[in-house]
Amino acid sequence: MAEKTKGTLGIGIIGCGNISMTYLRNASLFAGIEVHACADISADAAALRGKEFGIRSVSVDQLLADPEVDLVLNLTVPAVHFEITMSALSAGKHVFTEKPLATSAADGRILVAEAKSRALLLGSAPDTFLGAAGRRARRLMEEGAIGRPVSGTAFMMGRGMEHWHPNPQFYYQPGGGPVFDMGPYYLTMMVNLLGPVVRVMAMATKGQDERLITAEGPFKNTTFKVGTPTNVLSLLEFQSGATINFGASWDVFRHSNHPIELHGTEGSLRLPDPDTFGGTVSLSERGAEWRNFESDGELYGERNWPFAAPDRANYRMLGVADLARALAENRPPRASGELALHVLEIMEAILASGQSGQSVSIAGDLARPPLLGEDEARSFLA
């Protein structure tokens, strides 16, 4: 294995499941980063990824001790995000973790404090808000296209995971569910556009106490118990004064709700699925017909995924590239641990309010990440 190129951020991946393939394929798109090694609780899974992408497969302890690894990319399941991230920080490594930052806000605060105390950078998915659609929406908002935001809706609804995922049980336990699994995409996008949330009210239920796995695999036609709400409706009050209805459900067969709509004193803005980097952003100015802004042809908006038959934009690793640049420029990363912590606090407040029936207040002292300009976004490319 060649030594690390001077001036690059050496990356070690912990967690070699399906999502690791996306990050590994996208790594070559970006300048300033190199993936050197991977590790997994399953040595066979790590060996497979290592062989596929020409990187070393090692144990977790070996990866954490590797002098070529500057940053740990934590792609493990949510239940061990805290443990792996803390171990990496303790080993003196910067960290970028898949969402959520942790399964509790208390653990998230510990991680943010630990990184700060060690002068290390901590970043977290999602970085989808840095894609073409997210950047377009942010520019329109900053240009005053809809005036002062007043209200809006955000809906993430579907049938869950058990019809396609061969081992979906962990999605339905604490730290999972539609709020913790998919909520980060929607909430991060809204915080990026509207600023921090200060109060939450919610109702939360389970559509089923048990779910049947129908996906092909060793658990097909078996059932498992659901340990977290799967149908949640919430009202979010932002520090700016805007109020947004946010619904997240895995108990819906079909619906016609748009992913995100924002309404202000001068118009309305419609956003695509925030789990992708592209899609169409639409603007209606003072009730006029929708004007569409397509992402095809825009930076980080071109369809590149699935790899064999692209039908969407997926540039996961963009947040890591921004973190590498942030390290060089001595600034916070845009997809920061602080942003992820605020989103984690919102999600925890949603579930707490759903259980208690009372509103829950949140500290709204987060600064929005700065807009990623087009020239800077282009400069990330290899």
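None of the values given here were measured: they were computed from a predicted structure. (Residues numbered from 1 in each chain as written. Predicted model: local features only at pLDDT ≥ 70, side-chain atom pairs only at ≥ 80, totals over all residues. Heavy atoms only, no water.)

Caption draft 1: Structural context of helix 2 (residues 43–53). Buried within helix 2 we find Ala 46, Arg 49 and Gly 50. The arc enclosing the buried residues of helix 2, seen along the axis, measures out at 100°, which places them on a common side. Exposed residues pointing more than 90 degrees away from the buried face of helix 2 are listed as Asp 44 and Lys 51. As for helix 2, its buried residues are in contact with helix 1 (18–27), strand 2 (33–39) and strand 3 (56–57). Phi turns positive, to about 70°, at Gly 54, one or two residues after helix 2. (Buried < 20%, exposed > 50% of the residue type's maximum accessible area, 1.4 Å probe, protein only. Helix = DSSP H or I, 4+ residues; strand = E, 2+ residues; numbered from the N terminus. Arc of directions from axis to C-beta. Contact = heavy atoms within 4.5 Å.)

Caption draft 2: Region of the structure containing the packing of aromatic side chains. According to the stated counting rule, one finds 8 aromatic pairs in the structure shown. With centroids separated by 4.2 Å and ring planes inclined at 25°, the aromatic side chains of Phe 170 and Tyr 171 adopt a geometry described as stacked. Ring centres 5.6 Å apart and planes at 65° place the aromatic pair Tyr 300 and Tyr 315 in the edge-to-face group. Of this pair, Tyr 300 sits in the loop between strand 16 (291–293) and helix 8 (318–329) while Tyr 315 sits in the loop between strand 16 and helix 8, and the two are 15 residues apart along the sequence. Given the relative accessible area of 3%, Tyr 300 is considered buried. (Phe/Tyr/Trp six-rings, centres within 6.5 Å; stacked < 30°, edge-to-face > 60°.)

Caption draft 3: Representation of the environment of Gly 337. With respect to the element layout, Gly 337 can be found in helix 9 (residues 337–356). Taking the C-alpha atoms as reference points, Gly 337 and Met 157, 180 residues apart in sequence, are found 27 Å from one another. Once residues lying within four places of it in the same chain are set aside, the contact partners of Gly 337 are Leu 101, Val 112, Leu 122 and Gly 123.

Caption draft 4: Region of interest: the pattern of salt bridges. For the structure on display, the rule yields 26 salt bridges. Notably, a salt bridge pairs Arg 138 with Glu 142, separated by 2.7 Å at the nearest N-O pair. Of this pair, Arg 138 and Glu 142 both sit in helix 6 (residues 132–142), 4 residues apart, which is roughly one turn of that helix. Note on Glu 142: relative accessible area 44%, which makes it partly exposed. Close ionic contact of Asp 296 with Arg 303 constitutes a salt bridge, the shortest N to O distance being 3.4 Å. Taking the relative accessible area as the measure of exposure, Asp 296 reaches 44% and is therefore partly exposed. One network of salt bridges, with partners in common, ties together Asp 322, Glu 329, Arg 331, Arg 334 and Glu 376. (Salt bridge = Lys/Arg side-chain N within 4 Å of Asp/Glu carboxyl O.)

Caption draft 5: Focus on the sheet that holds strand 1 (residues 9–14). Spatial strand order, 3-2-1-4-5-6: 6 strands in an open sheet with parallel pairing. In the strand order of this sheet, the two ends are held by strand 3 and strand 6 (122–124), each with one partner. In this structure, strand 4 (residues 71–74) lies alongside strand 5 (residues 94–97), joined through 4 bridges in parallel fashion. When the sheet's bridge partners are listed, Val 72 is paired in strand 5 with Val 95. The sheet strands contacting helix 2 are strand 2 and strand 3, and the helix crosses strand 2 at an angle near 150°. (Pairing = 2+ DSSP bridges. Axes fitted to C-alpha atoms, helices over the stretch in contact; angles between N-to-C directions.)

Caption draft 6: Layout of unusual backbone geometry. Residue Lys 99 is joined to Pro 100 through a cis peptide bond whose omega torsion reads -10°. Within the secondary structure layout, Pro 100 lies in the loop between strand 5 and helix 5 (105–117). Each neighbour pair has its own omega, and for Ala 125 with Pro 126 the value is 5°, a cis peptide bond. Here Pro 126 is to be found in the loop between strand 6 and helix 6. Located in the positive-phi region is Ala 119, a residue other than glycine, with phi close to 55°. In this structure, Ala 119 sits in the loop between helix 5 and strand 6. Positive phi is not limited to glycine here, since Asn 330 has a value of about 55°.

Limitation: the analysis is restricted to geometry and does not speak to function.
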